[in-house]
Amino acid sequence: MKSLAVLLLVRKFLSKNMEINGEADLKSPLLPCPNDVVITVSPQNQILNKKIRTLVFKVLGITCSSCVASIEAALGRLDGVQSVMVSVLQGQAVVKYVPEVITAKMIKEAVEDTGFEVAEFPEQDIAMCRLRIKGMACTSCSESVERALLMVDGVKKAVVGLALGEAKIHFDPNVTNTERIIKAVEEDAGFGAELISSGNGLNKVYLKLCGITSPDDLSVIESSLQSLEGVNHVEIDVQEHIATISYEPDIIGPRSLIQCIQEVGSGPRTYQAILYTPPRGGETERQQETIMYRNQFIWSCLFSVPIFVFSMVLPMLPPYGNWLGYKVINMLDIGMLLRWILCTPVQFVIGKRFYAGSYHALRRKSANMDVLFHVDIFHPFGKIPGGFGKGKTSNALAKLTELAPDTACLLTLDAEGNVISETEIDTQLIEKNDILKIVPGAKVPVDGLVIDGQSHVNESMITGEAMPVAKRPGDKVIGGTVNENGYIRIKATHVGSETALSQIVELVEAAQLAKAPVQKLADQISKFFVPTVVLAALLTWLGWFIPGQAGLYPRTWIPTAMDAFEFALQFGISVLVVACPCALGLATPTAVMVATGKGASLGVLIKGGNALENAHKASPQLIC
């Protein structure tokens, strides 16, 4: 089954994490989540608008508390170091610092100057961002974007998904930033780009601010939020009054953020904040893309159908087409003039993006499919089904996230564990260590630990296991599963992007970006395909033009309105027209995207095109 990463793998992986573990395991997510860079803000040091990074490394030779004190003292004297924690038992140091003030290398040297050896030291910080790439039409386009990204200093890895129209980039934040990366895509590759997200799975909450009467109100709220411990970044839309807040769920939660906003107001100024769900930008753009291609197809038809009639139909129906042969100027007749007028908008207005793509490709000394594309009415029409396919995949992923309930019952307990109050809150407002009540038939809102009661939980929508699983105090539960027949209380341990459901969605999205082996083959072919086709078209033209000039074939083969040059040119153009292999670059990524999305909606996790390619090798006995 190693070739088919489906339901059984998910079930097996999650079942291992569902076993009863100690209290220390509660801080580990049910599914692994990369955490290359952690960004925090330290209000005690009054650095509110600068990114704080966390550096973790081993220190050899630590034997007592005096060793710890000497290391902490040496690092604490450095400008830019915000906090230092050294563990004797683990032989590990955790340093939070401002990269704009001090580098990781300087921290390492300071430790070594105290007489200790540093091990397992990360040589560089690695950050991640996702971009939406606009205008890609074929595999060569995605290859061009990847090459442009990898040429940026500091970029370590770049993966571009043609079907999704997205790119995932790992880079060194000390060398480059997202602005430079976007600039490389736009200027070097010639495609549009916009930032989808940055960071590594940071928890974010969107709040709609009410009671705002002036820009000063927004400044007060922003500074108050930034002063909270655990808040990483605050961004406020001054037009829509929407605050986007990144935070550390171990330290603070969305209810505390809303309370902070409410407490800022005083006297006549009172502020309120409510949860806001931003529209899915990718879905909106896909709809706009489908509408654009539909409009291009309609306009192409309006111009191209008359050309077909004037060129192929009326000349065959005398005397109805005789007027097309009337001369306007010299050899220019009415038919030629009409064809020129109608072809111009199709070529240079509707088809301008092909010329732009060709220009950027040739400027990089490469050739993509834009170089071969002939602008006709079928190309925009062929893009419409692809837009619908992307939309259906996006909807499938959205249905996955909707498995979690909209609301949850929050319990307030006294010191003895008795229930003081019950409050129904939005699931997005749940914070770590909240106590939640789950009644029979209700969905579990977030990942947590059962602390009271017994029941059976249906986990089929997550693990595929049809039989309900018994739960008792100490057992873990997964957000999105259904409580069958008993009353239980749980303690929230993973919220936001740390939940198993959120990480499954991330895995599916990562699988859609991964390239199947056959797609990699298509990428290799595309590097040589376009130059080969252009060379073949040139040789075809020469192969007909030179013999025609030399009289090696009868003159009667050449139409009366043409010469040898035009006659040979038709053959060369024909080679370019039939050579565009759209399926080579589009079929595989589109199939992978739709299959992974559809599988996710049915509870089957498919980890990329490699699994799909090898699925035919799995026998029914292996699956069972």
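Residues numbered from 1 in each chain as written. Predicted model: local features only at pLDDT ≥ 70, side-chain atom pairs only at ≥ 80, totals over all residues. Heavy atoms only, no water.

Under an unreviewed UniProt entry, the name given to the chain is P-type Cu(+) transporter, and the source organism is Sesamum radiatum. Reading the Subcellular location (unreviewed entry) entry of the UniProt record for the chain gives the comment "Membrane". The record in UniProt for the chain states the following under Sequence similarities (unreviewed entry): "Belongs to the cation transport ATPase (P-type) (TC 3.A.3) family. Type IB subfamily." (UniProt positions renumbered as here; feature names shortened; annotations may be inferred.)

**A few points about the sheet that holds strand β13 (residues 272-275)**
On the basis of which strands lie adjacent, the open sheet formed by four strands has the order β11-β12-β10-β13 and antiparallel pairing. This sheet does not close on itself; its edge strands, each paired only once, are β11 (231-237) and β13. Adjacent strand axes in the sheet meet at a mean angle of 30°, parallel and antiparallel pairs treated alike. Bridging between β11 and strand β12 (residues 242-247) involves six bridges; their strand directions are antiparallel. Bridging across to β12, Ile236 finds its partner in Ala243. Packing of helix α6 (residues 215-226) onto the sheet brings it into contact with β10 (203-210), β11 and β12, and relative to β11 it is tilted by some 165°. Packing against the sheet, helix α7 (residues 254-264) makes contact with β10, β11, β12 and β13, and its axis sits at approximately 30° to β10. (Pairing = 2+ DSSP bridges. Helix = DSSP H or I, 4+ residues; strand = E, 2+ residues; numbered from the N terminus. Axes fitted to C-alpha atoms, helices over the stretch in contact; angles between N-to-C directions. Contact = heavy atoms within 4.5 Å.)

**Some thoughts on the UniProt feature "transmembrane region" (unreviewed entry) in the chain**
Here, the residues flagged by UniProt with the feature "transmembrane region" (unreviewed entry) are residues 297-317, 337-355, 528-547 and 567-588. A helix fraction of 81% and a strand fraction of 0% characterise residues 297-317, whose end C-alpha atoms lie 28 Å from each other. The distance separating the terminal C-alpha atoms of residues 337-355 is 23 Å; by composition the span is 95% helix and 0% strand.

**Re the nonpolar core**
Among the nonpolar cores identified, the biggest contains 36 residues, and Leu209, Ile245 and Leu257 are the most heavily contacted of them. Contributions of two or more residues to this core are made by β10, α6, β11, β12, α7, β16 (407-413), β18 (435-438) and β24 (488-494). Take this core: its biggest share by element is four residues, from α7. With sequence-adjacent residues up to four places away left out, Leu209 is seen in contact with Leu218, Ile221, Ile236, His241, Ala243, Ile261, Gln272 and Ala273. Formed by 25 residues, the second largest nonpolar core is a distinct cluster that contains Cys138, Val155, Ala167 and Ile169. (Core = buried A, V, L, I, M, F, W, Y, C linked by side-chain atoms within 4.5 Å. Buried < 20%, exposed > 50% of the residue type's maximum accessible area, 1.4 Å probe, protein only.)

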